[in-house]
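Residue-level structural notes
One-letter residues, chain by chain:
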Amino acid sequence: MIAILQWTTLAVCSLAAIARIPSALRGENRSIFGVFLLSTVAILLSIDVSYRTVDAWLGSQNYANLILRFVVYGTVLLAGYRIAKAFDAPRSIRLIVGPVGKAVLAVIGLATLVLFLLADTAGSATGLATLPARSPENATLIELYAAAGRLYPAFVATCILPATYLAIRQRLPRAILIGALLLTVAFAAMALGTFYPLLPRELGFLKAIINYTSVLCLALGLAFVWISSLMAKRAARLGLG
């Protein structure tokens, strides 16, 4: 099931990125193209076969995982900002790209880098889940590194959830309502990431399901909002004619 979800999400993100290329070349909403492109890269780096290939090129020290963390941060930052603008949420915009958001990103980014460098990460392991427990101290560093990686997406999700949730309750075009619902699910799933340590070991598979559901709903939600904007432009052109 997880493999199906992985490849489905990769297909949706890559197709959405390809569909946005003409608009991006015209200079229209390049940040949305960036979200789809970064999402595609993130999914590729979370699939075992592509992860191990990339990490082998980098020396099999799990630098691919570090790259993945920062790709996710960039994806969430761009997505949160663009979605906040689309739903006219100035408070969310200030929180995400204002002084607070910049400080949160800087602290979490630095913590991610320092914890990774302090830990012994030799030997490719997708998600670092199967790395051998070389020492209790190293296991703690890996856990803290993983926790840091979940904090920034959870922060942005908390900032944007009120805007997408309120949009669901408004009288808006159907495509935007569907998009808002999908985006609400996506960001709610991101926020849930902070509670992963509470999951029993036997339910660990839920982490992957929640993660990929989040990315899939994010991509589909943005696609529906984009489709709605295209329909609005087309209706305006017809009206002018």
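See above for the structure.
Residues numbered from 1 in each chain as written. Predicted model: local features only at pLDDT ≥ 70, side-chain atom pairs only at ≥ 80, totals over all residues. Heavy atoms only, no water.

1. What to know about the overall build of the protein
Counting secondary structure elements, the protein contains nine helices and zero strands. Helices (α) and strands (β) of the protein occur, in sequence order from the N terminus, as α-α-α-α-α-α-α-α-α. Computed over its C-alpha atoms, the radius of gyration of the protein comes to 19 Å, within 12% of the 18 Å expected for a compact globule of 241 residues. The principal-axis extents of the C-alpha atoms in the protein amount to approximately 70 × 35 × 35 Å. Here the protein holds 241 residues, and 43% of them are scored as buried. Taking all contacts inside the protein whose residues are at least 6 apart in sequence as the whole, residues at least 24 apart take part in 72%. Per element, the accessible surface of the protein, about 12800 Å² overall, is 70% carbon and sulfur. One finds the centroid of the 20 positive side-chain charges in the protein at a distance of 18 Å from the centroid of its 8 negative side-chain charges. (Helix = DSSP H or I, 4+ residues; strand = E, 2+ residues; numbered from the N terminus. Rg over C-alpha atoms; globule rule 2.2 N^0.38 Å. Buried < 20%, exposed > 50% of the residue type's maximum accessible area, 1.4 Å probe, protein only. Contact = heavy atoms within 4.5 Å. Areas by Shrake-Rupley, 256 points an atom, 1.4 Å probe, with all protein chains shown as cover. Lys, Arg positive; Asp, Glu negative; His and termini not counted. Charge placed at Lys NZ, Arg CZ, Asp CG, Glu CD.)

2. Here we look at unusual backbone geometry
Most peptide bonds take the trans configuration, and most residues that are not glycine carry a negative phi. A positive phi angle, close to 55°, is found at S60, a residue other than glycine. Mapped onto the fold, S60 is located in the loop between α3 (48–57) and α4 (63–86). Positive phi, close to 65°, is recorded for N62, a residue that is not glycine. Looking at the secondary structure, you find N62 in the loop between α3 and α4.

3. Quick look at the packing of aromatic side chains
Tallied over the entire structure, the rule returns five aromatic pairs. When the centroid spacing of 5.8 Å and the interplanar angle of 75° are considered together, the rings of Y73 and Y152 count as edge-to-face. With a gap of 79 residues between them, Y73 in helix α4 and Y152 in helix α7 (residues 136–168) connect regions that are remote in the sequence. With respect to class, Y73 is no different from Y152; both count as buried. (Phe/Tyr/Trp six-rings, centres within 6.5 Å; stacked < 30°, edge-to-face > 60°.)

4. Quick notes on the nonpolar core
Counting residues in each nonpolar core, the largest one holds 38 residues, and the members touching the most others are I83, F87, L183, F187, L218 and L222. Taken together, the elements giving at least two residues each to this core come down to α1 (2–25), α2 (30–44), α4, α7, α8 (174–192) and α9 (205–240). Residues within four places of F87 in sequence aside, it is in contact with T164, A167, I176, A180, L183 and V225. Judged by nonpolar contacts, the second largest core, of 17 residues, contains L45, A64, L68 and A148. (Core = buried A, V, L, I, M, F, W, Y, C linked by side-chain atoms within 4.5 Å.)

5. Focus: a nonpolar patch on the surface
Among the surface-exposed residues, L15, I18, I21 and L25 lie close enough to one another that they form a single nonpolar patch of about 430 Å² accessible area. Looking at where I21 falls in the secondary structure, it is placed in helix α1. (Patch = residues over 30% accessible without salt bridge, like charges linked within 9 Å, V, L, I, M, F, W, Y side chains within 5 Å. Salt bridge = Lys/Arg side-chain N within 4 Å of Asp/Glu carboxyl O.)

6. A short note on the environment of A188
Looking at the secondary structure, you find A188 in helix α8. Along the sequence, A188 and I210 sit 22 residues apart, while their C-alpha atoms lie 9.6 Å from each other.

7. Examining α2
Taking 1.5 Å of rise per residue, 15 residues should cover 21 Å, and α2 covers 21 Å from first to last C-alpha, within 8% of that figure. Of the positions making up α2, those classed as buried are S31, I32, F33, G34, V35, F36, S39, T40, A42 and I43. (Expected span 1.5 Å × (residues − 1).)

8. Considering the environment of L166
Within the element layout of this structure, L166 appears in helix α7. On the accessibility criterion, L166 (48% relative accessible area) is partly exposed. Sequence-wise, L166 and P90 are 76 residues apart; in three dimensions their C-alpha atoms are separated by 14 Å.

9. Looking at the side chain of T40
Here T40 is to be found in helix α2. Overall, the relative accessible area of 11% leaves T40 in the buried class. Here T40 is in contact with L10, C13, S14 and A17, once residues within four sequence places are set aside.

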